[in-house]
Amino acid sequence: MARGYDSKVGPDGLIVFRPKRRKMSFPLRGFVLMIMGVLLFKGLIMAQIGADAYDARIEVLEQGTVLEKVGAVVMYADPITEAIAEKATPLFW
């Protein structure tokens, strides 16, 4: 009962307490915030070092180990990243 309880009055007038069931749910808000953070991070890096240097570093990652290849896929410049970099470039130059 430490996690909470529900109380119901039965047809005989007796109050019955039952423990609440915990629902396993996917933290959608946290997942969306994480994706937004990764996109912002990629955009700021691209704005700081430039698109050509960013693409060159991704190409180097593609030639590395399996973990580096996964990193290259995650860090690949998508349209959202490019838009963020375009808006953030004046902050660095």
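Nothing here was measured: the structure is a model prediction, and the numbers come from that model. (Residues numbered from 1 in each chain as written. Predicted model: local features only at pLDDT ≥ 70, side-chain atom pairs only at ≥ 80, totals over all residues. Heavy atoms only, no water.)

## Here we look at the overall build of the protein chain
To keep things clear, this is the line we draw: Secondary structure is summarised from DSSP: a helix means a run of H or I of at least four residues, a strand means a run of E of at least two, and numbering begins at the N terminus for each. Both definitions apply: the radius of gyration is a C-alpha atom measure, and the globule rule equals 2.2 Å times residues to the power 0.38. Relative accessibility thresholds used throughout: buried, under 20% of the residue-type maximum; exposed, over 50%; partly exposed, between the two (1.4 Å probe, protein chains only).
Looking only at helices and strands, the protein chain has four helices and two strands in total. Each helix and strand of the protein chain, placed in order from N terminus to C terminus, yields the pattern β-β-α-α-α-α. Taking 2.2 N^0.38 as the reference for a compact globule, 93 residues should give roughly 12 Å; the C-alpha atoms of the protein chain span a radius of gyration of 25 Å, well beyond that estimate. Taken along its principal axes, the extent of the C-alpha atoms in the protein chain is 75 × 35 × 20 Å. Counting across all 93 residues of the protein chain, residues that qualify as buried make up 15%.

## Here we look at a negative patch on the surface
We count it as follows: To count toward a patch, a residue needs a relative accessible area above 30% and no salt bridge. Like charges then connect within 9 Å, nonpolar side chains (Val, Leu, Ile, Met, Phe, Trp, Tyr) within 5 Å. Computed with the Shrake-Rupley method and a 1.4 Å probe, the accessible areas treat only the protein chains shown as cover for residues. For this analysis, a salt bridge means a side-chain nitrogen from Lys or Arg found within 4 Å of a carboxyl oxygen belonging to Asp or Glu. The charge count treats Lys and Arg as positive and Asp and Glu as negative. His and the chain ends do not count. Where a charge lies is defined by one atom per residue type: Lys uses NZ, Arg uses CZ, Asp uses CG and Glu uses CD.
A grouping of Asp52, Asp55, Glu59, Glu62 and Glu82 is seen on the molecular surface, where their side chains present a negatively charged patch. Examining the composition of the negative patch, we find that four residues originate from one element, helix 2 (residues 51–62), more than from any other. Assignment of secondary structure puts Glu82 in helix 4 (residues 79–92).

## Looking at the environment of Gln48
Quick reminder of the rule: Residue contacts are defined here by distance: any two heavy atoms, one from each residue, within 4.5 Å place the two residues in contact.
Here Gln48 is to be found in helix 1 (residues 28–49). The exposure class assigned to Gln48 is partly exposed, which follows from its relative accessible area of 48%. Note: C-alpha distance between Gln48 and Pro90 (42 residues apart in sequence) is 9.5 Å. The contacts of Gln48, once residues within four sequence positions are left out, are Phe92 and Trp93.

## Let's talk about the nonpolar core
In plain terms, the rule: As used here, the term nonpolar core means buried Ala, Val, Leu, Ile, Met, Phe, Trp, Tyr and Cys residues forming a set that is joined through side-chain atoms within 4.5 Å.
Counting nine residues, the largest nonpolar core consists of Met46, Ala47, Tyr54, Ile58, Ala72, Met75, Ala77, Ala85 and Ala88. Broken down by secondary-structure element, the contributors of at least two residues to this core are helix 1, helix 2, helix 3 (66–75) and helix 4. Every residue in contact with Ala47, bar those within four places of it in the chain, is listed here: Ala85, Ala88, Thr89, Phe92 and Trp93.

## Comments concerning the pairing of strand 1 (residues 5–9)
Which entries qualify depends on this criterion: The pairing criterion is simple: DSSP has to find at least two bridges between the two strands.
In this structure, strand 1 lies alongside strand 2 (residues 15–19), joined through five bridges in antiparallel fashion. When the sheet's bridge partners are listed, Val9 is paired in strand 2 with Ile15. In this antiparallel pair of consecutive strands, strand 1 and strand 2, the connection spans five residues, and Gly13 shows a positive phi of 90 degrees.

## Brief notes about the pattern of salt bridges
Enumeration over the complete set of coordinates arrives at one salt bridge. Asp78 is paired through a salt bridge with Lys42; the nearest N and O atoms lie 2.7 Å apart. Pair noted here: Asp78 is in the loop between helix 3 and helix 4 and Lys42 is in helix 1, with a separation of 36 residues, a long-range link. The pair Asp78 / Lys42 is uniform in exposure class, with both members buried.

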